[in-house]
Amino acid sequence: MTTAEATPLPASARSRSTGLTRGLGGLTRAEARRWLPWRTAGFIVLGLGLLAALYANWLIQPAKTLTELLYPFFGLWFALLILATVAMTQGMVASEISQGTAAWVVSKPVARPAFILSKFAALVPIVVVAMVGIPGLAARWVFSIAESEGQTEFNAGDLVRLLEEPLARNDYMPLMDFDVHLGILALMIFLILVAAAAMVLLGCLLRHATAILVAGLMVPIALVVLANVGLDQQVVSLTPAWAMDSMLDGIAGNPVSVLGPSIVATLWTVGLLGLASWWFNRREL
Amino acid sequence: MTDLALQTHELRKHFGSTQVLRSVDLAIPRHSIYGFLGPNGAGKSTTMKTVMGLLRPSGGSIEVFGRDTRRYGPSARAHIGYLPQHPRFHPYRTCRQTLLFVAALYPGHRDRRELRDHADELLDAVGLSDLANRRTHGLSGGESQRLGLAQALIAEPELLILDEPAAALDPEGRHDVLEIIEGLRGRTTVFYSTHILEDVQRVSDRVAMISNGRIVADGPLTDLLSGDDSSWTIRTLGSSEAVQARLSSEPWVSSVDVSRRRDSDVWTVRLAAGAPEEQLLPTILADNQLAIAEFHPSDHTLEDAYLAIVGHNNEH
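Residues numbered from 1 in each chain as written. Chains lettered and ligands numbered in written order. Predicted model: local features only at pLDDT ≥ 70, side-chain atom pairs only at ≥ 80, totals over all residues. Heavy atoms only, no water.

Student: I'm lost on the overall build of chain B in this one. Help?
Tutor: In terms of regular secondary structure, chain B is built from eleven helices and 14 strands. On the principal axes, the C-alpha backbone points of chain B span a range of 80 × 45 × 40 Å. By residue count, 50% of the 316 residues in chain B fall in the buried class. Partitioning the contacts of chain B with sequence separation of at least 6, the portion at a separation of at least 24 is 70%. (Helix = DSSP H or I, 4+ residues; strand = E, 2+ residues; numbered from the N terminus. Buried < 20%, exposed > 50% of the residue type's maximum accessible area, 1.4 Å probe, protein only. Contact = heavy atoms within 4.5 Å.)

Right, dumping it as structure tokens:
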């Protein structure tokens, strides 16, 4: 019997869902369940912990304004997030391939790209909410405290008042308005997603965890170098380094460009994931 | 609707310059229990992995229920439950969670409670009910094999492909697996590879043998066991050298093997195709120094057939 003559499949297996949608749904849910309880909490604690540490530093050394101390928060926090992303995603694909569980999963009625895309799809809400959203908005609130206090002396007894007053007054620091703050957060999200997509691709291309980790660490370093090496802006604007450049501008208190860099970073993310899916689709397991 | 659950046509696979599958033609009827035999490295696992899409064929075609797997990979696999030779599972899931995870990847919606009950029934059937809540990283090889069988069955597939399902099991586990396969007779097509010829003889109704990447025998088990009916077993008393020499010189005799057992000789005489069987007994009796204690067509076991077919193929 030829393919064209093939009769309908038995009723028990007929379904409107395809191997891609069903696989993506099932695998993403399964993957997200792994992330949700502890890793998500870990990222929230990481961000809030860093924020609390900087705040505590200001309590001890009130000579500087809180704003001066909190600006580095974005840079430090972003570096930590990138490192955490690289560390936590380095085995996401490669270990499943080497342990044989990838072969087990794709022997089920799922399309191979679903396996790759589910790894990424499960990460997106964690990045948006836990890694960037919650600590980022908490930072916004602490900035508003800084604005309310200015350079005045501070003692720990004022803490409760400081926690309450900015919320009541709803006033913000003039050096970084709310749009800039959100823009930095958005760029941070897109850059982390680029890094995660690059890690997924590296997991498909390389076999050894150490090689993936080293190559993964080169990604943010390359972005920083590209953003600062003095390349023509037109060249930079073709890469995710544009988002990095723009984010660094925002952190320095300059106007931040969000839309263009976000689109470029998104295109890179899609391209890297497409390449990873294509490669994995061809791979023998 | 096609009567074949699985069909391969001139399936080929090479790894670099090593040709593993030369031309594999299989036609596995629906609802058959199909044993797949062959020596190590013959291409059994490679055939199964290629059918499952884990390896890319170098040539030929594969159809599952009449559908080309290159075009309809995932939807073809929706009919298949697969147990790999060395099953691997996500170590962070329990045995029950593993079954529910697999079930979620198959099309069709089942009530969660019903699915959980089904998973527990399967765990019970493979002897893992006590380990339902244990994470899979703690399972022994035999337990993994049992869980592998359960996950292959969880979606109630119409075609079950089992790569050495009893290889890591103790006799009790092997018995359980055969019972499960036997219980699927008439409802599910089972295509399984094994080295244990006794198991094949017990449950299979069709057998394919592969050697050096080619199918060298394929058909109903009864046909293979009926064997070469021109092979005869004779037990004689007395001196046999002269008769043996005379018989061996006959052009219609392929081979004569004689083994000594206590006070008698046991002969296995294979006759060439189209040989005049009626001449065999008179030829032996022509020498009146011999007394015939037994004379009957040889019994064939699957092992005889396997050794004859695969051994013959390896010689060439």
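From this point, the narrative continues.
Student: How do you make sense of unusual backbone geometry when you look at a structure like this?
Tutor: Comment: phi is negative for the bulk of residues other than glycine, and the bulk of peptide bonds are trans. All names here are of chain B. At glutamate 156, a residue that is not glycine, the phi angle is positive and equals roughly 50°. For glutamate 156, the location among the structural elements is in the loop between α5 (141–153) and β7 (159–163). Phi at glutamate 164 takes a positive value of approximately 50°, unusual for a residue other than glycine. By the element assignment, glutamate 164 lies in the loop between β7 and α6 (171–183). Under the relative-accessibility criterion, glutamate 164 is labelled buried at 6%.

Student: Help me understand the packing of aromatic side chains in this model?
Tutor: Here the distance between the centres and the angle between the planes together describe a pair of aromatic rings. Counting across every chain of the model gives seven aromatic pairs over all chains. On the numbers, 5.7 Å between centres and 45° between planes, the contact of tryptophan 104 of chain A with phenylalanine 101 of chain B is tilted. Of this pair, tryptophan 104 of chain A sits in helix α5 (residues 101–106) while phenylalanine 101 of chain B sits in helix α3 (residues 95–104), each in a different chain. The same class applies to tryptophan 104 of chain A as to phenylalanine 101 of chain B, namely buried. Centroid distance phenylalanine 115 of chain A to phenylalanine 280 of chain A: 5.1 Å. Interplanar angle 15°. Geometry classified as stacked. Here the residue phenylalanine 115 of chain A occupies a position in helix α6 (residues 112–149), and phenylalanine 280 of chain A occupies one in helix α12 (residues 259–282), the gap between them amounting to 165 residues. For the pair shown, phenylalanine 115 of chain A and phenylalanine 280 of chain A are each scored as buried. These aromatic residues form a ring-pair network of at least three members: Trp104 of chain A together with Phe89 and Phe101 of chain B. Over the face of the ring belonging to phenylalanine 280 of chain A we find arginine 112 of chain A, whose NZ or CZ atom lies 5.7 Å from the ring centre. Seen from the ring of phenylalanine 101 of chain B, arginine 93 of chain B lies directly overhead, with NZ or CZ sitting 3.9 Å from the centre. (Phe/Tyr/Trp six-rings, centres within 6.5 Å; stacked < 30°, edge-to-face > 60°. Lys NZ or Arg CZ within 6 Å of the ring centre and 35° of its normal.)

Student: What should I look at first to understand the interface of chain A and chain B in this one?
Tutor: It is common to give the size of an interface as the accessible area lost on bringing the parts into contact. At the junction of the two partners, chain A supplies 37 residues and chain B supplies 37 residues. Linking chain A to chain B there are one salt bridge. The residue lysine 13 of chain B makes a salt bridge to glutamate 284 of chain A at a minimum N-O spacing of 2.4 Å. Taken together, the connections running from chain A to chain B amount to ten residue pairs in polar contact (both at pLDDT 80 or more). By residue number, the principal contributor to the side of chain A that touches chain B is helix α1 (residues 19–35) of chain A, which donates six residues. A class-by-class count of the residues in the side of chain A that touches chain B yields 16 nonpolar, 13 polar and eight charged. (Salt bridge = Lys/Arg side-chain N within 4 Å of Asp/Glu carboxyl O. Polar contact = N/O pair within 3.5 Å; in protein donor to acceptor, adjacent residues only side chain to side chain. Nonpolar A, V, L, I, M, F, W, Y, C, P; charged D, E, K, R; others polar.)

Student: I tried to follow the environment of alanine 208 of chain B on my own but got confused; where do I start?
Tutor: Residues and elements named next belong to chain B. In this structure, alanine 208 sits in strand β9 (residues 206–211). On the accessibility criterion, alanine 208 (0% relative accessible area) is buried. As a C-alpha pair, alanine 208 and proline 297 span 89 residues in sequence and 25 Å in three-dimensional space. What alanine 208 contacts, discounting residues up to four positions off in sequence, is Leu26, Tyr34, Gly35, Phe36, Leu37, Ala217 and Asp218.

Student: Just checking my understanding: could you explain the domain arrangement of chain B for this structure?
Tutor: In terms of domain boundaries, chain B breaks down into domain 1 (4–225) and domain 2 (231–298). With centres defined by C-alpha atoms, the gap from domain 1 of chain B to domain 2 of chain B works out at 45 Å. (Domains from an automatic or database assignment.)

Student: Explain a positive patch on the surface here, please?
Tutor: On the surface, Arg29 and Arg33 of chain A together with Arg112, Arg113 and Arg116 of chain B cluster together into a patch of positive charge. Secondary structure elements with two or more residues in the positive patch: α1 of chain A together with α4 (112–125) of chain B. It is α4 of chain B that contributes the most residues to the positive patch, three residues altogether. If you trace the backbone, arginine 29 of chain A turns up in helix α1. (Patch = residues over 30% accessible without salt bridge, like charges linked within 9 Å, V, L, I, M, F, W, Y side chains within 5 Å. Areas by Shrake-Rupley, 256 points an atom, 1.4 Å probe, with all protein chains shown as cover. Lys, Arg positive; Asp, Glu negative; His and termini not counted. Charge placed at Lys NZ, Arg CZ, Asp CG, Glu CD.)

Student: Hey, could you run me through the nonpolar core in this one?
Tutor: As a rule of thumb, nonpolar side chains are buried together in soluble globular proteins. Val132 and Met188 of chain A together with Phe191 of chain B are the most contacted members of the largest nonpolar core, which has 151 residues in total. Residues Ile234, Val243, Leu247 and Val269 of chain B belong to the second largest nonpolar core, which totals 14 residues. (Core = buried A, V, L, I, M, F, W, Y, C linked by side-chain atoms within 4.5 Å.)

Student: Explain the pairing of β7 of chain B here, please?
Tutor: Residues and elements named next belong to chain B. β7 sits mainly inside the fold: five of its five residues count as buried. Going residue by residue along β7, you find Leu159, Ile161 and Asp163 tucked away on one face and Leu160 and Leu162 tucked away on the opposite face as well. Relative to β7, strand β6 (residues 80–83) runs parallel, the two sharing four bridges. Its bridge partner lying in β7, isoleucine 80 is registered against leucine 159. As defined by bridge partners, β7 adjoins strand β8 (residues 189–193) across five bridges and the pair is classed as parallel. The residue bridging leucine 159 from the neighbouring strand is threonine 189, located in β8. (Pairing = 2+ DSSP bridges.)

Student: What exactly am I supposed to notice about helix α1 (residues 44–51) of chain B here?
Tutor: Structurally, the α-helix is built with 3.6 residues per turn, so residues lying three or four positions apart point the same way. Residue and element names in this part refer to chain B. Counting buried residues in α1 gives seven out of eight residues, a clear majority hidden from the surface. Along α1, the residues classified as buried are Lys44, Ser45, Thr46, Thr47, Met48, Thr50 and Val51. The first or second residue beyond α1 is glycine 53, which carries a positive phi of 85°.

Student: Is there a simple way to think about the pairing of strand β4 (residues 59–64) of chain B in this case?
Tutor: Remark: a regular strand shows side chains that alternate across the two faces of the sheet. All names here are of chain B. Buried residues dominate β4, accounting for five of its six residues. Of the strand pairs in this sheet, strand β1 (residues 4–15) and β4 are connected by five bridges, and their pairing is antiparallel. The partner of histidine 9 across the bridge, within β4, is serine 61. The sheet contact formed by β4 and strand β5 (residues 67–68) spans two bridges and is antiparallel. Bridged to glutamate 63 within β5 is aspartate 68. Remark: two residues form the turn of the hairpin made by β4 and β5, two consecutive strands paired antiparallel; phenylalanine 65 in that turn has positive phi of roughly 50°.

Student: Looking at this structure, I do not really get the packing of helix α8 (residues 178–205) of chain A against helix α9 (residues 209–228) of chain A. What am I missing?
Tutor: Axis angle and axis distance: for two packed helices, these are the angle between their axes and the distance between the axes, and together they describe the pair. Residues and elements named next belong to chain A. Close contact between α8 and α9 brings their axes to 10 Å; oriented N to C, the two are set at 150°. Taken together, the axis directions place α8 and α9 in an arrangement best described as roughly antiparallel. In this structure, the crossing between α8 and α9 has a hand that is right-handed. Contacts from Leu191, Ala198, Met199, Leu202 and Gly203 in α8 reach Ile212, Ala215, Gly216, Val219 and Leu223 in α9. (Axes fitted to C-alpha atoms, helices over the stretch in contact; angles between N-to-C directions. Parallel < 35°, antiparallel > 145°, perpendicular 65-115°, else oblique. Left-handed = near helix turned anticlockwise from the far one by under 90°.)

Student: What is the right way to read the pattern of salt bridges from this model?
Tutor: Opposite charge on two side chains permits pairing when their charged atoms draw close. Inspection of every chain in the model, using the stated rule, returns 15 salt bridges over all chains. Close ionic contact of arginine 174 of chain B with glutamate 198 of chain B constitutes a salt bridge, the shortest N to O distance being 3.8 Å. Here the residue arginine 174 of chain B occupies a position in helix α6, and glutamate 198 of chain B occupies one in helix α7 (residues 197–203), the gap between them amounting to 24 residues. The exposure class assigned to arginine 174 of chain B is partly exposed, which follows from its relative accessible area of 22%. Assessed through its relative accessible area of 57%, glutamate 198 of chain B is described here as exposed. Via salt bridges that share partners, Glu31, Glu96 and Lys119 of chain A belong to a single interconnected network.

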